[in-house]
Amino acid sequence: MSDLALLGGPRTITELPPDFGLWPMAGAEEEAAVLEVLRGGDWSLPQVTFDFEREFAAYVGAPFALAHNNGTSAIHAALFAVGVKPGDEVIAQSYTYWATMMPALCVGAIPIFAEVEERTLGLDPEDVERKITSRTRAIVVVHLHGQPADMDAINALARPRGIAVIEDASHAHGAKLNGRSIGMLGDVGAFSLQSSKLLPSGEGGILVTAEREYYERACLLGHYERIASLENEAYRRYARTCYGYKYRINPLAAAIARVQLRHLDERNAKRNHNIDRFHAGLDGLPGLHLVKGVPDAEAVHYQNAMLFVPGELGGLTRDRFLEACAAEGAGMGGERYDGLHEQQIFLDFDADGISETYVVPRRDDGKLRYGHGTLPRTEDILQRVILTPTFAAAEDALVDLWIAAIRKVIEHHRDLL
Ligand SMILES: Cc1ncc(COP(=O)(O)O)c(C=O)c1O
């Protein structure tokens with residue numbers, strides 16, 4: 001007879017507060033802000049969009065901010081802004097949401113995937129260095145789950161080679177590194193404001209940069225209404241057509257985002273308090289490695305990932321561990337992302353770099369390296385990730401119960417073998 005709930009013992013968490021992970025949080029302030037736009041009559045580009053840009057720019061310390069209809073378009077604009085052209089190579093990690101890399105195809109670039117490191121789950125600078133070629137034009141760094149990637153190392157590789165660094169900051173609103181806001185540590189930062197994000201607007205995105213040139217090029221791609229007033233005369237010639245996209249934010253979303261921004265720090269602080277407590281309760285346990293980040297990183301917690309280490313638990317599988325935790329009332333899951341390098345759209349490219357939808361120029365070595373086996377560390381990590389709740393609205397007592405449930409399963413793991 002085992003103490004584990006899965007094997008007939010008592011359950012650790014008998015009742016879950018229904019809203020302990022409540023997200024997004026919205027109320028009367030959002031309703032009033034949306035109503036104001038509705039009643040204002042201009043539903044395309046009213047003042048609220050510019051107000052949101054100004055406030056978000058001030059929040060991250062950016063001279064320029066450009067709101068977008070989603071994060072994907074903001075990343076597309078960032079790639080275009082820094083001048084990525086057909087045939088250039090763009091490096092990003094494969095363990096991420098698709099939009100970190102997919103817009104590279106939209107500018108005709110060749111996606112090159114690099115490994116992640118366990119410390120941050122962000123890009124591994126050593127593997128990035130191995131993958132840099134004379135054609136590398138940009139590196140897209142994602143701060144996965146809100147944990148700042150090793151920007152110092154990536155910038156040190158990129159700057160001397162003239163490679164642009166774009167931050168996909170979609171998971172990291174409010175995070176900092178060396179005291180500076182994530183999104184402002186490379187050349188251009190792009191944030192998603194989709195409704196699960198730390199700064200949700202429904203659907204939306206925002207691009208930030210310190211360089212007027214990048215801002216103006218982002219306008220050129222998808223904001224024709226702003227082109228006539230750009231400083232660069234050559235760009236003003238495209239005021240009628242822009243470059244074929246229309247990426248402005250819905251002002252109702254901008255209105256929601258403004259309100260959410262006012263609450264961002266307080267809501268991040270709540271998650272941080274709970275995850276710090278959670279980590280303190282689990283640190284040092286066999287079988288679980290916490291993602292601790294680089295020194296001087298101030299992470300936020302869009303998600304919280306731990307790495308399962310079966311070898312420290314007698315070969316227990318992650319699925320069996322998760323099953324036992326769920327039986328204790330502490331439901332968690334594996335990663336929801338698959339490796340991007342294994343997705344069909346990349347497997348579709350033939351040796352000449354042609355697929356039904358896209359053409360990417362042949363690499364000098366004639367090979368496009370995608371598919372299973374090309375990123376062994378990433379593939380291994382993806383099998384070992386456990387996503388925990390981020391306890392957005394939980395009290396300490398629930399966090400403590402969650403810790404107790406996990407500790408119990410680890411203590412009795414032999415019963416599961
Ligand atoms: C890491 C990352 N990058 C980019 C995006 C794309 O953002 P959106 O869904 O707003 O287009 C997302 C979000 O969904 C994301 O999680």
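For the structure itself, look to the data block above.
Residues numbered from 1 in each chain as written. Predicted model: local features only at pLDDT ≥ 70, side-chain atom pairs only at ≥ 80, totals over all residues. Heavy atoms only, no water.

Undergrad: Residues and numbers for the packing of aromatic side chains, please.
TA: As enumerated under the stated definition, the model contains 18 aromatic pairs in all. Relative to Tyr337, the ring of Trp98 has its centre 6.1 Å away and its plane inclined at 65 degrees; by these criteria the two rings are edge-to-face. Highlighted residues: Trp98 in the loop between strand E2 (89-93) and helix H4 (102-106) and Tyr337 in the loop between helix H11 (318-327) and helix H12 (344-347), separated in sequence by 239 residues. Taking the relative accessible area as the measure of exposure, Trp98 reaches 28% and is therefore partly exposed. Put simply, the rings of Phe20, Phe278, Phe391 and Trp402 pair up and form one aromatic cluster. The lysine or arginine in question, Arg217, covers the ring of Phe80, its NZ or CZ lying 4.3 Å from the ring centre. The ring of Tyr224 has Arg248 lying over it, and the distance from NZ or CZ to the ring centre is 5.7 Å. (Phe/Tyr/Trp six-rings, centres within 6.5 Å; stacked < 30°, edge-to-face > 60°. Helix = DSSP H or I, 4+ residues; strand = E, 2+ residues; numbered from the N terminus. Buried < 20%, exposed > 50% of the residue type's maximum accessible area, 1.4 Å probe, protein only. Lys NZ or Arg CZ within 6 Å of the ring centre and 35° of its normal.)

Undergrad: I'd love a proper account of the pairing of strand E5 (residues 164-168), names of residues and values included.
TA: The buried fraction of E5 is high, at 5 of 5 residues. On E5, burial covers both faces: Ala164, Ile166 and Asp168 on one face and Val165 and Glu167 on the other are all buried. Bridge count for strand E4 (residues 136-142) against E5 is 5 bridges, and the pairing is parallel. Within the sheet, the bridge partner assigned to Ile139 lies in E5 and is Val165. The parallel pair E4 and E5 is bridged by helix H6 (residues 151-158), and the resulting crossover is right-handed. Two elements, E5 and strand E8 (residues 188-192), share 3 bridges in a ladder whose sense is parallel. Paired with Asp168 across the bridge in E8 is Ala190. (Pairing = 2+ DSSP bridges. Right-handed = clockwise from strand over helix to strand, strands pointing away.)

Undergrad: Quick one: what's the story with the pattern of salt bridges, residue by residue and with numbers?
TA: Charged atoms that come close allow side chains of opposite charge to pair. Inspection of the entire model under this criterion finds 25 salt bridges. Between Asp51 and Arg258 there is a salt bridge; the shortest N-O distance is 3.9 Å. Note that Asp51 is positioned in helix H2 (residues 47-60) and Arg258 in helix H10 (residues 251-282), a separation of 207 residues in sequence. We classify Asp51 as buried; its relative accessible area is 13%. Between Asp380 and Arg384 there is a salt bridge whose closest N-O contact spans 3.1 Å. Here Asp380 pairs with Arg384, and both are found in helix H13 (residues 376-384), just 4 residues apart, close to one helical turn. (Salt bridge = Lys/Arg side-chain N within 4 Å of Asp/Glu carboxyl O.)

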